Amino acid sequence: MKRNWRKGLLALVLAVGLCLGGCTVERPEDLASGGATQSSQISGEGGSSILEENADTSEQDGSQASDAASGSSQSDAASGGQTGSGNANGASGEKDQYQTDPVPEGKPQPQEPQDTEVDENTKLTCTLTIRCDTILDHMDQFNKEKLSVLPADGIIYSTRQVTFYEGESVFDVLLRETRKNRIHMEFTETPLYNSNYIEGIHNIYEFDCGELSGWMYCVNGWYPNYGCSRYLLQDGDVIQWNYTCDLGRDLGVDWLENGQKN
């Protein structure tokens, strides 16, 4: 019972933004509204061996990936700009229809995938990093069966500049770059939060390093409190996908604790 409660809290935090998947929702069996799990074919950057434990997971074809990718965005970049449409909840101080807590003043509001159009004629650039080095400080909690896929330095995808199209989201960039570089990535479509939840990258999954572990995303130094499919990118954004072993505390994320105190 205790584990189920923690799992629900973790999934909500990471999927509602975060990635614990980008992160941030619950696993398919926990979603009242359902949701399909998807997986990108893997082989791992840098020649790391990859466990084949998820071989039975269905893989999206090109058109499905395009549909999922083009449908994830948000209105503003952390550097500022316009405010999102319809579901902006900062002013009202109430949760929106997708259970999003009010977004801090000055931060980008989530924008819904179904309201976003991707302009493939306009190419922009952002910076992307994927790392799990927090695990190195919590090896006593790490799943020993996953040692073969844990990078020695904790870097899965080294920092580099990548191209994206205007109207694309954090999720779109992650999906394209992991596929392009043959890095395993598995996600779940979560209608309850109108976003995709990142379950695992490089075969390192939520709960692989304790009951409060999983993937979270950060843009321009801020960890959004909504899903990666709802964050619309702007030119020059800096994206980091980081693995947390302690519900974000080891990454310096404090909005969860602050929210609980209010």
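Preceding this section is the structure that the text describes.
Residues numbered from 1 in each chain as written. Predicted model: local features only at pLDDT ≥ 70, side-chain atom pairs only at ≥ 80, totals over all residues. Heavy atoms only, no water.

**Regarding the pattern of salt bridges**
Stage number 1. Inspection of every chain in the model, using the stated rule, returns seven salt bridges.
Stage number 2. Of the charged contacts, one joins R230 and D96 as a salt bridge, the two residues approaching to 3.0 Å between their closest N and O atoms. Of this pair, R230 sits in the loop between β9 (214–219) and β10 (238–244) while D96 is found in the loop between β2 (73–74) and β3 (110–111), placing the two residues 134 residues apart along the sequence.
Stage number 3. Note on R230: relative accessible area 1%, which makes it buried.
Stage number 4. Classification of D96 as buried rests on a relative accessible area of 9%.
Stage number 5. Across the pair E168 and R176 runs a salt bridge, and its minimum N-O distance is 2.6 Å. (Salt bridge = Lys/Arg side-chain N within 4 Å of Asp/Glu carboxyl O. Helix = DSSP H or I, 4+ residues; strand = E, 2+ residues; numbered from the N terminus. Buried < 20%, exposed > 50% of the residue type's maximum accessible area, 1.4 Å probe, protein only.)

**Some words on the nonpolar core**
Stage number 1. Core analysis: the largest hydrophobic core is formed by 38 residues, its most contacted members being I135, V170, I198, I201, I204, W215 and W241.
Stage number 2. Listing elements by their share of this core, those giving two or more residues are β4 (119–131), β5 (155–166), α3 (170–180), β6 (185–190), β7 (195–201), β9 and β10.
Stage number 3. Per element, the largest residue contribution to this core is five residues, and it comes from α3.
Stage number 4. Setting aside anything within four residues of it in sequence, one finds I204 in contact with C132, I135, F142, K146, V149, L150, P151, E199, W215 and Y243. (Core = buried A, V, L, I, M, F, W, Y, C linked by side-chain atoms within 4.5 Å. Contact = heavy atoms within 4.5 Å.)

**Side note on α3**
Stage number 1. Counting buried residues along α3, eight of its eleven residues qualify, which places the element largely inside the surrounding structure.
Stage number 2. Of the residues flanking the start of α3, the one acting as N-cap is S169, its side-chain oxygen 3.2 Å from the backbone nitrogen of F171.
Stage number 3. Immediately downstream of α3, the backbone of R182 shows phi near 55°, a positive value. (Polar contact = N/O pair within 3.5 Å; in protein donor to acceptor, adjacent residues only side chain to side chain.)

**Things to note about the packing of aromatic side chains**
Stage number 1. Evaluation of the coordinates by the stated rule reveals six aromatic pairs.
Stage number 2. Measuring from centroid to centroid gives 4.9 Å for F171 and F187, while their planes differ by 70°, and the two rings are edge-to-face. On the criterion of sequence distance, the pair formed by F171 in helix α3 and F187 in strand β6 is long-range, its members being 16 residues apart.
Stage number 3. On the basis of relative accessibility, which here comes to 0%, the residue F171 falls in the buried class.
Stage number 4. A residue is classified by how much of its surface remains accessible, and F187, at 0% relative accessible area, is buried.
Stage number 5. Considering the side-chain rings of Y217 and Y231, the 6.2 Å spacing of their centres and the 85° angle between planes classify their relative orientation as edge-to-face. A residue pair is termed long-range when its members are at least 10 positions apart, and Y217 in strand β9 and Y231 in the loop between β9 and β10 qualify at 14 residues. One exposure class covers both Y217 and Y231, and it is buried.
Stage number 6. The structure contains a cluster of three or more aromatic residues connected by ring pairs, namely Y217, W222, Y226, Y231 and W241.
Stage number 7. One Lys or Arg, R160, reaches over the ring of Y157 and ends 3.9 Å from the middle of that ring. (Phe/Tyr/Trp six-rings, centres within 6.5 Å; stacked < 30°, edge-to-face > 60°. Lys NZ or Arg CZ within 6 Å of the ring centre and 35° of its normal.)

**Structural notes on the side chain of S213**
Stage number 1. In this fold, S213 is placed in the loop between β8 (204–205) and β9.
Stage number 2. A polar contact is formed between the side chain of S213 and the backbone nitrogen of D208, at a distance of 3.4 Å.
Stage number 3. A polar side-chain atom of S213 sits 3.0 Å from a polar atom in the side chain of Y243.

**Let's talk about the sheet that holds β4**
What holds strands together in a sheet is hydrogen bonding between their backbones, with the strands either parallel or antiparallel.
Stage number 1. Ordered by their spatial adjacency, four strands build an open sheet running β5-β4-β10-β9, and the pairing between neighbours is mixed. One side of each edge strand has no neighbouring strand; the edge strands of this open sheet are β5 and β9. Taking the axes of each pair of neighbouring strands and ignoring which way they run, one obtains an average angle of 25° across the sheet.
Stage number 2. Direction of pairing for β4 relative to β5: antiparallel, over a ladder of nine bridges. Residue pairing for β5: T125 is matched across the bridge by T163.
Stage number 3. Taken strand by strand, α3 contacts β4, β5, β9 and β10, and its axis lies near 120° from that of β5. (Pairing = 2+ DSSP bridges. Axes fitted to C-alpha atoms, helices over the stretch in contact; angles between N-to-C directions.)

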